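The chain contents come next:
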Amino acid sequence: MGVVVEWLNAFLWGALVILGVFFVALVLTVVWGLIGATAKLSNSTVARGIANAYTTALRGTPELLVLLIVYFGSAVTLTSLAKFVDPSVKFVHIPPFWAGSFAISLIVGAYATETFRGAFLGVDRGQIEAARSLGLSPFQTLFYVRLPQMWRLALPAFGNHMNSLIKDTALLSVIGVEEIMYTADRATTITNKPFTMYLVVAIIYLAFVSVIIKTVALLEIHANRYLARAR
Amino acid sequence: MADKTSAAMIQLDRVTKSFGSFQALKGVDLAIERGQKVVVCGPSGSGKSTMIRCINRLEEHDGGRIVVNGIELTTSVKDIDAVRREVGMVFQQFNLFPHLTAAENLMLAPRLVRKIPRKEARELAMHYLERVHIPEQADKYPAQLSGGQQQRVAIARSLCMKPEIMLFDEPTSALDPEMIKEVLDVMVELARDGMTMIVVTHEMGFARSVADVVVFMDNGEIVEQAPPQDFFHQARSERTKAFLSRILTH
Amino acid sequence: MNFEISLIWESLPKIAEGAELTVRLHLLSLVFGTVLALGLVLMRISGIAILSWPAFAYIYVFRGTPLLVQVFLIYYGLAQFEFIRASPLWIILREPFWCAIIAFSLNVAAYTAEILRGGIQGVDQGLHEAGRALGLSTSQRFIHVTAPIAIRLSLPAYGNEMISLMKGTALVSLITMYDITGVARTIMARTFAPYEIFISAAIVYLGLTWLIQRAIAHAERRFSRYVRA
Ligand SMILES: Nc1ncnc2c1ncn2[C@@H]1O[C@H](COP(=O)(O)OP(=O)(O)O)[C@@H](O)[C@H]1O
Ligand SMILES: [Mg+2]
């Protein structure tokens with residue numbers, strides 16, 4: 001255990017990086033999910049087609065591969081664009097932190113699309129009709145009537161999506177993000193204690209996941225509070 | 001503007017409406033004066049809901065004309081919003097917003113649509129909750145209220161927008177028998193205050209005591225339309241008589 | 001930058017060669033993992049604390065940590081221990097292939113056990129009572145009443161888990177193996193054409209995913225014959 005203490009600081013920093021990725025990706029995931037669900041429920045064949053292609057492709061492709069496509073793809077694209085402007089440029093890339101957050105959010109966003117779609121459909125049509133007949137605009141209806149009821153329905157599945165988000169961050173050392181897998185890797189080369197180091201990583205992830213599970217459980221109680229009958 | 005009162009408040013001319021190939025309304029004519037109370041009855045599937053939902057454009061009619069308080073219902077968004085502000089609607093399933101308390105249900109539309117400040121909206125809400133006799137339930141969520149209380153909150157919610165017309169689609173059909181009266185009482189009071197009302201209901205006692213006109217629909221058409229005394233005692237059509245004999249026995 | 005369709009056609013066959021390894025990893029882990037899951041779920045629902053608690057903890061830990069960490073713990077981690085390197089098991093545990101199989105099986109088992117538990121809980125309580133009324137023993141009720149219905153209820157989630165596992169196998173490319181992703185990464189290192197190469201790989205995966213979905217749909221039809229009119 002003594003060896004771990006020496007690396008504690010490094011693991012702590014790595015854990016902070018993971019948290020950063022998690023929150024950036026979480027926001028983006030919600031955005032993709034809402035756009036995707038809206039597209040899937042829209043009347044436009046094109047929008048539905050694009051959304052279906054998105055969810056099919058991202059739910060059927062390994063997370064690692066998506067990460068590689070996003071990171072190296074964007075690098076190649078940016079590099080050739082930069083060379084166009086300044087031929088002396090060798091290599092341009094999106095910082096791994098952002099490329100990684102983006103890739104993870106794309107993956108989990110595909111699942112969130114399905115969750116949000118179900119939640120949209122789960123809100124009773126009568127609610128929308130009541131809002132409209134009171135004179136609320138479609139936007140007001142969405143914001144004040146549909147979304148507040150939707151998130152209660154989406155919450156259990158979305159809790160799983162958050163766990164996926166945090167666990168997918170373990171892949172990011174592959175593109176050079178200095179998170180805790182990276183720390184463990186470095187620590188292993190020096191201490192020659194791979195099991196100990198990866199066990200620390202496992203414990204950190206388990207802690208994150210436990211916090212998410214607990215938080216979601218509390219949120220569910222909060223979200224369902226108005227459904228409790230009197231007494 | 002001044003002569004609006006003389007014209008019909010709600011005018012339906014040969015209104016038709018189809019769902020796919022099925023024609024739910026087959027040319028409905030109806031004229032309702034300001035302050036009139038109209039009770040609509042008829043067998044299930046006869047088009048009663050469809051008709052009143054066309055009046056505040058929850059459904060779009062596809063033939064004929066509908067004029068509400070001088071505004072013809074077209075595809076113009078502005079006109080529809082204007083009409084919806086003047087027409088309140090009460091649903092069979094209440095459709096209260098479950099995530100808002102009773103008072104918040106009442107305050108939502110005044111705040112968002114009429115841009116009334118929160119405090120005034122709350123006062124407005126309490127005023128109407130008193131009118132439906134449940135001010136003490138203001139801070140409960142719908143799930144904590146009985147069906148009858150929920151429906152009274154729903155009525156108050158519509159009244160908060162100060163509509164000129166109220167539409168009721170079977171407001172007591174989802175209620176346990178012992179709760180029907182409390183809702184009907186509120187509706188009777190509303191009628192006495194001069195509200196223009198269209199009420200789809202099979203509560204014939206309510207029709208007798210409140211209605212100026214009773215309308216019988218069958219198969220997407222208005223079959224009979226008469227003041228209650230005539231309607232109940234000398235209905236002309238056989239279909240009406242058959243319907244009445246069925247409904248009045250229980 | 002130019003996108004070369006021809007490169008996709010050239011690399012697809014090579015990448016598809018990696019698919020053989022992907023499929024082998026997938027099927028073996030699925031079989032081992034599912035068998036393990038059956039034991040786990042029985043422990044979990046046994047109602048006996050010394051059985052259900054370890055099962056709960058196992059499921060919680062394996063679902064609560066990234067698959068990659070589990071793979072690394074087994075492939076890189078176990079070598080830390082002298083007694084393991086000295087044991088006869090080392091022949092297996094030094095092979096990336098078997099390490100991957102072990103990690104995937106343990107992981108799949110945790111998820112599948114949880115899926116099966118959901119299926120079992122979804123079976124109508126009335127059916128248990130009907131079974132008891134007919135005089136069936138506890139194990140008879142489980143085998144003849146609960147299990148068939150639970151399996152049908154679990155199938156959709158199990159299908160998703162199969163797809164998850166398929167995607168998870170890509171991680172072996174990080175422990176020196178040449179599965180679909182592994183092959184794609186070597187070609188990519190040579191050509192530096194990430195879109196073409198990685199999209200070719202994605203196409204192969206999507207094909208495999210599609211096959212799994214077909215298989216599950218077929219199984220669902222079989223298991224729900226009695227549900228339809
Ligand atoms: N959204 C809809 N889509 C298809 N058919 C509908 C729809 N709404 C109503 N209908 C049909 O129109 C007919 C009239 O319905 P409705 O107006 O609800 O009848 P009522 O309220 O008199 O019971 C029924 O046959 C019903 O099935
Ligand atoms: Mg109706």
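Residues numbered from 1 in each chain as written. Chains lettered and ligands numbered in written order. Predicted model: local features only at pLDDT ≥ 70, side-chain atom pairs only at ≥ 80, totals over all residues. Heavy atoms only, no water.

1. Some thoughts on the environment of Phe62(C)
All names here are of chain C. Mapped onto the secondary structure, Phe 62 falls in helix α2 (residues 49-64). Linking Phe 62 and Ala 157, residues 95 residues apart in sequence, is a C-alpha distance of 17 Å. Not counting residues within four places of it along the chain, the set of residues in contact with Phe 62 comprises Gln 70, Leu 106, Asn 107, Ala 110 and Tyr 111. (Helix = DSSP H or I, 4+ residues; strand = E, 2+ residues; numbered from the N terminus. Contact = heavy atoms within 4.5 Å.)

2. Comments concerning the interface of chain A and chain B
Each partner contributes to the interface: chain A provides 22 residues, whereas chain B provides 23 residues. Summing both partners gives a buried area of about 2,100 Å² for chain A against chain B, and 59% of it is carried by carbon and sulfur. The largest per-residue losses of area from chain A upon contact with chain B belong to Ser133(A), Leu134(A) and Tyr226(A), which jointly make up 30% of the total buried on that side. Across the contact surface, chain A and chain B share 1 salt bridge. Across the salt bridge formed by Arg53(B) and Glu129(A), the nearest N and O atoms sit 2.5 Å from each other. Put simply, the parts of the chain that give the side of chain A that touches chain B at least two residues each are α5 (125-133) and α6 (138-168) of chain A. Considering every element that reaches the side of chain A that touches chain B, the biggest residue donor is α5(A), with 7 residues. Residues of the side of chain A that touches chain B, tallied by class, amount to 11 nonpolar, 6 polar and 5 charged. (Buried area = accessible area lost by both parts, 1.4 Å probe. Salt bridge = Lys/Arg side-chain N within 4 Å of Asp/Glu carboxyl O. Nonpolar A, V, L, I, M, F, W, Y, C, P; charged D, E, K, R; others polar.)

3. Regarding a nonpolar patch on the surface
All names here are of chain C. Taken together, Val 31, Phe 32, Val 35, Leu 89, Ile 91, Ile 92 and Trp 98 make up a surface patch of nonpolar side chains, about 670 Å² in accessible area. Within the residue set of the nonpolar patch, elements represented by two or more residues are α1 (5-45) and α5 (90-93). For the nonpolar patch, the leading source of residues is α1, giving 3 residues. Summarising the element assignment, Leu 89 is placed in the loop between α4 (82-86) and α5. Under the relative-accessibility criterion, Leu 89 is labelled exposed at 52%. (Patch = residues over 30% accessible without salt bridge, like charges linked within 9 Å, V, L, I, M, F, W, Y side chains within 5 Å. Areas by Shrake-Rupley, 256 points an atom, 1.4 Å probe, with all protein chains shown as cover. Buried < 20%, exposed > 50% of the residue type's maximum accessible area, 1.4 Å probe, protein only.)

4. Observations concerning the sheet that holds strand β10 (residues 221-226) of chain B
Residue and element names in this part refer to chain B. Taken together, the 6 strands give an open sheet; going across it, the order is β6-β7-β8-β3-β9-β10, and neighbouring strands pair in mixed fashion. With one partner strand each, in any of the chains shown, β6 (87-90) and β10 form the two edges of the open sheet. Pairs of neighbouring strands in the sheet enclose a mean axial angle of 20°, with direction left out of account. The strands touched by helix α1 (residues 48-55) within the sheet are β3 (37-41), β6, β7 (165-169), β8 (196-200), β9 (213-218) and β10, with β7 carrying the most contacts at an inclination of about 155°. Contacts between helix α2 (residues 77-86) and the sheet are confined to β6 and β7, with β6 contributing the most and set at about 65° to the helix. (Pairing = 2+ DSSP bridges. Axes fitted to C-alpha atoms, helices over the stretch in contact; angles between N-to-C directions.)

5. Quick notes on the confidence of the model for chain C
Confidence in the prediction for chain C averages 90 pLDDT; 97% of positions are at 70 or higher. Across the interfaces of the predicted complex, the ipTM metric reaches 0.91, alongside a pTM of 0.86. (pLDDT = per-residue confidence, 0-100.)

6. Topic: the pattern of salt bridges
Residues and elements named next belong to chain B. Under the defined criterion, the tally for this structure stands at 21 salt bridges over all chains. With a closest N to O distance of 3.5 Å, Lys 119 and Glu 123 form a salt bridge. In this pair, Lys 119 and Glu 123 both sit in helix α4 (residues 118-131), 4 residues apart, roughly one turn of the helix. Overall, Lys 119 belongs to the exposed group, its relative accessible area being 63%. With relative accessibility at 46%, the residue Glu 123 sits in the partly exposed group.

7. Remarks on the packing of aromatic side chains
By the definition in use, this model includes 20 aromatic pairs over all chains. Ring geometry for Tyr226(A) and Tyr141(B): centres 5.9 Å apart, planes at 45°, overall tilted. Here Tyr226(A) is found in the segment after α8 (194-223), whereas its partner Tyr141(B) is found in the loop between α4 and α5 (147-159) on a different chain. Here Tyr141(B) falls in the buried class, since its relative accessible area comes to 16%. (Phe/Tyr/Trp six-rings, centres within 6.5 Å; stacked < 30°, edge-to-face > 60°.)

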